[in-house]
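Structure at a glance
Chain residues, written in single-letter form:
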Amino acid sequence: MTAIRNVLFIMCDQLRWDHMGCAGHPFLRTPNIDALAARGVRFTQAYVQSGICGPSRMSYYTGRYVSSHGATHNRVPLSVGEVTLGWHLREAGRTLALAGKTHVLPDARGMKRLQLDGQHDLAALLKEGWFTLVDRHDGHHAEPDSAYAHWLRRQGYDSKDPWTDYVIAVEDAQGRVLSGWKMRNARLPARVREEHSETAYTTDQAIDFMAAQGDAPWVLHLSYVKPHWPYVAPAPYHAMYSPDQCLPVSRHDAERGPSAHPMFREWQNEEVSRNFRNDDCIATVRPAYQGLLSQLDHHLGRVWDAMERLGRWRDTLVVFCSDHGDYLGDHWMGEKELFHDCVQRVPFLLYDPSPAAEATRGTEDARFVEAIDVVPTILDALALDPAEHLVEGRSLLALTRGEAPPWRGHVVSELDWTFRGARRRLGHPTGQHHAWMIRDARWKYVHWTSGHRPQLFDLAADPEEFHDIGADPAHEAVRGAMREALLGWFTGLKRRTTLTWAEAELRTDRHKAAGVFYGEW
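Residues numbered from 1 in each chain as written. Predicted model: local features only at pLDDT ≥ 70, side-chain atom pairs only at ≥ 80, totals over all residues. Heavy atoms only, no water.

1. Some points on the overall build of the chain
Spelled out, the test is: Per the convention used, a helix needs a DSSP run of H or I reaching at least four residues, while a strand needs a run of E reaching at least two, with both numbered from the N terminus. To get the radius of gyration, use the C-alpha atoms; to get the globule rule, take the number of residues to the power 0.38 and multiply by 2.2 Å. We get accessible surface area from the Shrake-Rupley algorithm with a probe of 1.4 Å; when it comes to residues, only the shown protein chains can shield them. Asp and Glu count as negative and Lys and Arg as positive, but His and the ends of the chain are not part of the count. Think of each charge as sitting on NZ of Lys, CZ of Arg, CG of Asp or CD of Glu.
When its secondary structure is counted, the chain shows 18 helices and 15 strands. The C-alpha radius of gyration computed for the chain amounts to 23 Å, which stays within 12% of the reference 24 Å derived for 521 residues, consistent with globular compactness. A total of about 21,800 Å² of accessible surface is found on the chain, and carbon and sulfur atoms cover 52% of it. For the chain, the centre of its 59 positive side-chain charges and the centre of its 68 negative side-chain charges are spaced 3 Å apart.

Written out as structure tokens, the structure is:
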């Protein structure tokens, strides 16, 4: 038996690794996130498997790389045959509850093939990726029939679409209602009261869920939609920071020159990147982004207080992470997707209540951690089947408990760039267009398909990733070694997923027992 009975798996959306007090931000106040870091371990080199919400989350939920699970971009469904954390728990008689966002899109074709009519209990679970909903709110667009929308109307927000009209809307000095989709309006407060905002509402759902469980064990995914766009914060958080209390923009003229990689150059031509080249946009959005994070931190304090009241710190594993970062003007870019550390590197805090973890509390660990490590860590904490034939990550509990097992020397992330206008502007037809990043302690190598040259960065000489040496003849040997490492990673992916390793062992060299006698003289 394990002392860990419960799991609280917290994810923020689009939160950069460097936007926490415990990560060294000089102005941003995150006392409750910092308090969690003091209780557990802060992994300082944690990376996602994709810089896009959907594929990144599917790697978090399956413990598998994007090349394995196949949900390569937003709106690309996770195959009905993929196994998620929710199914692993269900096999053990447990459930995985959700409060917030998942970005799970049902595999409609796969469900049709299985003749699931949509009313069956199995269809409902498959539609949600084996999450049992406390409440789901993805926060990307209007959801007028969601539980959150109905709740807002009961609070007095009289609208067919209260999210658009209040949650992400603002009012100017003349009383005009303006859209939060326009980033120029991010300096104004949301029309919704703070206690009715997305962050507050989702926190309420999570606290109520934990309290309702009593002494029954639970696993909860608390998934916040912020600080993801629209960058609109309720008062007083909209005005909590000034532009001079934000990190300086990290960009270099060399990144815009004629030698810039064509993919990088075309991403800089996307509308969001063109707008983030505007210093006024940066000075407007970055303070609002920080305000949204301080608001989130405040509500995490409410979660910590609830856990204290309920006595849950003694038996609950807590994971805190993000699905990716945000350029916020760095590298002349907005949004995410490409392979710079401000997108791929994420916050990752792990609180292990086990007495064996006492020696590592409040420490930092610089070993490479990946998003796919969450599933095996949770399975390990609950003493469940590790599903080694499926799961490609590694449990982190050996690290929180002071052990020193052999560890990975690199991380990998992926991008399906089929869906971006950059692909059309470069003249490529619809099809298979992918990129893979492999990063070790010194080098970052990016392999592009469709005839584009690789990228290479020397992180020792160029930690800001300004100078792409992917075409420099002097570094051909490095590129060759990194390409070989990427191939080695690719050949190690787990493709045989319908048999466990124990079943494979049982079936090895068993043809005669099955009545098959080929090869005899």
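2. Notes on the environment of Arg39
Along the chain, the position of Arg39 falls in helix α1 (residues 31-39). With 476 residues separating them in the primary sequence, Arg39 and Gly515 have C-alpha atoms 59 Å apart.

3. What to know about the nonpolar core
Note the threshold: Buried Ala, Val, Leu, Ile, Met, Phe, Trp, Tyr and Cys residues that are joined via side-chain atoms within 4.5 Å together make up what is termed a nonpolar core. Classification of residues uses two cut-offs on accessible area relative to the type maximum, computed with a 1.4 Å probe and protein chains only: under 20% is buried, over 50% is exposed, and between them is partly exposed. Any two residues whose heavy atoms approach within 4.5 Å at even a single point are treated as in contact.
Counting residues in each nonpolar core, the largest one holds 43 residues, and the members touching the most others are Leu8, Trp304 and Phe320. Elements with a contribution of two residues or more to this core: β1 (6-12), α1, β3 (97-100), α9 (198-212), β7 (219-223), α12 (279-310), β8 (316-322) and β10 (348-351). Contacts of Leu8, omitting those with residues within four sequence positions, involve Trp218, Leu220, Leu222, Val303, Trp304, Met307, Thr316, Leu317, Val318 and Val319. Counting residues in hydrophobic clusters, the runner-up holds 42 residues, among them Phe9, Leu350, Ala381 and Leu399.

4. Looking at the pattern of salt bridges
We apply this condition: We count a salt bridge whenever a side-chain nitrogen from Lys or Arg sits within 4 Å of a carboxyl oxygen from Asp or Glu.
Throughout the structure, instances matching the rule amount to 38 salt bridges. Between Asp341 and Lys444 there is a salt bridge whose closest N-O contact spans 2.8 Å. Placement of Asp341 in helix α13 (residues 341-344) and of Lys444 in strand β14 (residues 443-448) is noted, with a sequence separation of 103 residues between them. Across the pair, Lys444 and Asp341 agree in class, each one buried. In this structure, the salt-bridge partner of Arg367 is Asp365, at a minimum N-O distance of 2.8 Å.

5. Quick look at the packing of α1 against α12
Applied cut-off: Orientation is described by axes fitted as lines to C-alpha atoms, over the contacting stretch for helices, and by angles from 0 to 180 degrees between their N-to-C directions. Relative orientations are named as follows: roughly parallel for angles under 35 degrees, roughly antiparallel for angles over 145 degrees, roughly perpendicular for angles from 65 to 115 degrees, and oblique for any other angle. Residue polarity follows a fixed list, in which Ala, Val, Leu, Ile, Met, Phe, Trp, Tyr, Cys and Pro are nonpolar, Asp, Glu, Lys and Arg are charged, and the others, Gly among them, are polar.
Packing of α1 against α12 leaves a shortest axis separation of 7 Å and a crossing angle of 50°. When the axes of α1 and α12 are compared, the pair comes out oblique. Along the contact surface, α1 presents Pro31, Asn32, Ile33, Leu36 and Arg39, while α12 presents Leu293, Asp297, His298, Leu300, Gly301, Trp304 and Glu308. Looking at the contact of α1 with α12 residue by residue, the classes come out as six nonpolar, three polar and three charged.

6. With respect to the packing of aromatic side chains
Note the following rule: Stacked, edge-to-face and tilted are the three classes for Phe, Tyr and Trp ring pairs, Trp counted by its six-membered ring, which pair at centre distances within 6.5 Å; planes under 30 degrees apart are stacked, over 60 edge-to-face, the rest tilted. A ring has a charge above it when a Lys NZ or an Arg CZ is no more than 6 Å from the ring centre and no more than 35 degrees off the ring normal.
Taken as a whole and assessed by the stated rule, the structure comprises 21 aromatic pairs. Both rings, one in Tyr65 and one in Trp489, keep their centres 5.1 Å apart while their planes meet at 85°; by these two values the pair is edge-to-face. Of this pair, Tyr65 sits in the loop between α2 (53-62) and α3 (66-69) while Trp489 sits in helix α17 (residues 476-491), and the two are 424 residues apart along the sequence. When sorted by exposure, Tyr65 lands in the same class as Trp489, which is buried. The ring centre of Trp332 lies 4.6 Å from the NZ or CZ of Arg256, which sits over that ring. Cation over ring: Arg495 sits above Phe490, and NZ or CZ is 5.2 Å from the ring centre.

7. Some words on helix α7 (residues 147-154)
Threshold: What the arc covers is the set of directions going from the helix axis to the C-beta atoms.
Looking at α7, one finds that the buried residues are Tyr148, Ala149, Trp151 and Leu152. End-on view of α7: buried residues confined to an arc of 160°, all on one side of the axis. Among the structural elements, β4 (132-136), α8 (162-167) and α9 are those in contact with the buried residues of α7. Once α7 finishes, Gly156 follows within two positions and takes phi at roughly 105°, a positive value.

8. Considerations on the packing of α9 against α12
Running from amino to carboxyl end, α9 crosses α12 at an angle of 10°, the nearest separation of the two axes being 10 Å. Judged by the inter-axis angle, α9 sits roughly parallel to α12. Of α12, the residues touching α9 (which contributes Thr199, Ala200, Thr203, Asp204, Ile207, Met210 and Ala211) are Gln295, Leu296, His299, Arg302, Val303, Ala306, Met307, Arg309 and Leu310.

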